[in-house]
Amino acid sequence: MIITDVENCRAMDKCKKCSFEQESKCMNVCPTNAIKLIDNKAFSCITCGMCAKNCPNNAIKKNEFGGYYVDRVRCNGCGTCEKVCPVKIIKMKKWIIKEKNGMEREVSYPDGICVMCGLCVEACEHNARMYFEINDLKSAKNRLMAERYLKIFGTSSFSSQTEQKTPQIQLLKSTTIEKGNINRMFRTSIEIDAEKCRDCGKCIFLCPKNTILEKEEVDGCTGCNICKDYCPVDAIDKGAVNYNKCILCNNCIIKCPKDALKIENYKVIKIKEDIPTTPLKHCINCGLCADKCPNNALKLVDGKIYYNPEDCLLCNVCVKICPNEVRINKETCIDGGCVLCGICVKECPEDAIEIKELPKFEVINDDNCIACGTCSNVCPNNAIVVKINKFKNKLSPKILREVIFNNDCVMCENCAIHCPRDIIPNTTGYKKIVDKANSFIRTDLNYCVFCGLCNKICPQQAIDEGKINLNDCEYCSACVNICPAHAISIYRDWKTEKETEQ
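Residues numbered from 1 in each chain as written. Predicted model: local features only at pLDDT ≥ 70, side-chain atom pairs only at ≥ 80, totals over all residues. Heavy atoms only, no water.

## Some remarks on the overall build of the chain
Helix and strand counts for the chain stand at 16 helices and 29 strands. The contacts of the chain with a sequence gap of at least 6 include a subset with a gap of at least 24, amounting to 65%. By element, 47% of the accessible surface of the chain is carried by carbon and sulfur atoms, the whole surface being about 26500 Å². (Helix = DSSP H or I, 4+ residues; strand = E, 2+ residues; numbered from the N terminus. Contact = heavy atoms within 4.5 Å. Areas by Shrake-Rupley, 256 points an atom, 1.4 Å probe, with all protein chains shown as cover.)

This is the structure in structure tokens:
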């Protein structure tokens, strides 16, 4: 809940920042009229939940910030919430609704319910408005402050309020950070250095588990030089044949992964042009497939994933959950998982591949982060929280955005693959962006309280109190995550950069 420190809250006649005739500055910015003056002090809805508990139509719902919002479609205007409010702050407000046929009708909806948007906290220049969580009340000082607040507000004891659990306020969904039970400290996987790689595709063709995938299938000689590796007399190099040495053993033709060679007039000739191929993505050995496998056909042991086809149900769970989409159902088994055999490392002509131990993500601070929450939305393990910290500094006010990973993080990099600002390390280079043609975002005005938080957080300035400019919107979901009334909904389909180029 949000309470007032009555010692810091100034009377209107003494506070230059609250010099309104009828209301204080915090009241002026509150979108739901959930603050009222008592003896020139600002007091607000205590988010006790009595209105939601007693609503006969289930029209009042609790959000993840600890506040409550109204579904005006379900609300029948009965006024029960107003009658049961222990601090008498809820009032039924009349609205004029214009029907599609042009007729107008009068309806009543509850006003005065706190959605925990935090605008009042931000507006108060004297730090008199503050978030209070249940954990804060363990302190005798804080408990005394809360008791004094409720006593002035006409509520005798705070004990009845402590029975409900209020989530941590961090301005985004999934705000509570709990310890996970996976607790992997590092991930072992191959890593391809894009600067060293010369796009020959040798690692792609030699991988026994088909775990390195090329950016696009090319029909030509990639310069992998596998033909030279298998020539017994060293008569060929990148498809160029020394006919004085060639014995027409056919090894080069059999082993060529692109069928770029053939025998013609008793000579081996190259029949396809030189076209490089680029590794697009590969298994990063995160073990997510093993975690989700329903029959333990996949197991992560000492950083390596082992597969037992006899236990495999071919259920495709691992195929669907793989963040890099390298798992494939071959009808008799599942392929595409790295076994860290090291063949790609050994055979790379440029030493562009190595097996590395990567430490677990913990906290990422980056000024480019827009706190959109996409990483949290796409995380298969619910292991990410995006936190916004505001530091008040007269010389240089600063907002710190943090991406926090809990113990359930397995470093699958699904967050990095989908991050619109590329602030999370991506070892594969694989990237997905929103497919706008097959995605949608909209605002339901039956929920919107017009608080303007969406305006504040949108990196593209594409939304104004729920009104969305679809031409400028990048579907990052920042507005969806910050909306305290659940008024904005989004559906996103994703496409790869390759599909974007097409």
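Now that the structure has been shown, the text picks up again.
## Observations regarding the packing of aromatic side chains
Inspection of the entire model under this criterion finds four aromatic pairs. Ring centres of Phe440 and Tyr491 lie 6.1 Å apart, and the angle between their planes is 25°; on these two criteria the pair is classed as stacked. One end of the pair, Phe440, is in strand 25 (residues 440–443); the other, Tyr491, is in strand 28 (residues 488–491), and 51 residues separate them in sequence. The class of Phe440 is partly exposed, set by a relative accessible area of 40%. The ring of Tyr230 carries Lys255 above its face, with NZ or CZ at 4.8 Å from the centroid. A cation over an aromatic ring shows up here: Lys267 above the ring of Tyr243, its NZ or CZ 4.9 Å from the ring centre. (Phe/Tyr/Trp six-rings, centres within 6.5 Å; stacked < 30°, edge-to-face > 60°. Buried < 20%, exposed > 50% of the residue type's maximum accessible area, 1.4 Å probe, protein only. Lys NZ or Arg CZ within 6 Å of the ring centre and 35° of its normal.)

## Regarding the side chain of Asp435
Among the secondary structure elements, Asp435 is positioned in the loop between strand 24 (432–434) and strand 25. Among all residues touching Asp435, those that are not within four sequence positions of it are Asp493, Trp494 and Lys495.

## Some words on the pattern of salt bridges
Applying the stated rule across the entire model yields 20 salt bridges. Note that Lys202 and Asp229 form a salt bridge whose closest N and O atoms lie 2.6 Å from each other. Of this pair, Lys202 sits in helix 6 (residues 202–206) while Asp229 sits in helix 7 (residues 226–230), and the two are 27 residues apart along the sequence. Its relative accessible area of 7% is what places Lys202 among the buried residues. Measuring nitrogen to oxygen at the nearest pair gives 3.8 Å for the salt bridge that ties Lys281 to Glu325. Separated by 44 residues along the polypeptide, Lys281 in strand 15 (residues 279–282) and Glu325 in the loop between helix 10 (317–321) and strand 18 (328–329) bring together distant segments of the chain. Given the relative accessible area of 9%, Lys281 is considered buried. Using a relative accessible area of 37% as the deciding quantity, one classes Glu325 as partly exposed. Salt bridges linked by common partners bring Lys202, Asp229 and Glu347 together as one network. (Salt bridge = Lys/Arg side-chain N within 4 Å of Asp/Glu carboxyl O.)

## Considerations on the layout of surface pockets
By volume, the second largest pocket is sized at about 450 Å³. If you go around the second largest pocket, you meet 22 residues; those closest to its centre are Arg72, Trp95, Leu445, Cys448 and Phe450. Broken down by secondary-structure element, the contributors of at least two residues to the lining of the second largest pocket are strand 5 (68–70), strand 6 (91–98) and strand 7 (104–111). Of all the elements, strand 6 adds the most residues to the lining of the second largest pocket, at four residues. Here the lining of the second largest pocket is composed, by residue class, of 15 nonpolar, four polar and three charged. (1 Å grid on protein atoms, 1.4 Å probe; cavity = no way out; pocket = protein on both sides within 12 Å on 5 of 7 lines; lining within 4 Å. Points joined across faces, edges and corners; volume = space filled by probe spheres on them. Nonpolar A, V, L, I, M, F, W, Y, C, P; charged D, E, K, R; others polar.)

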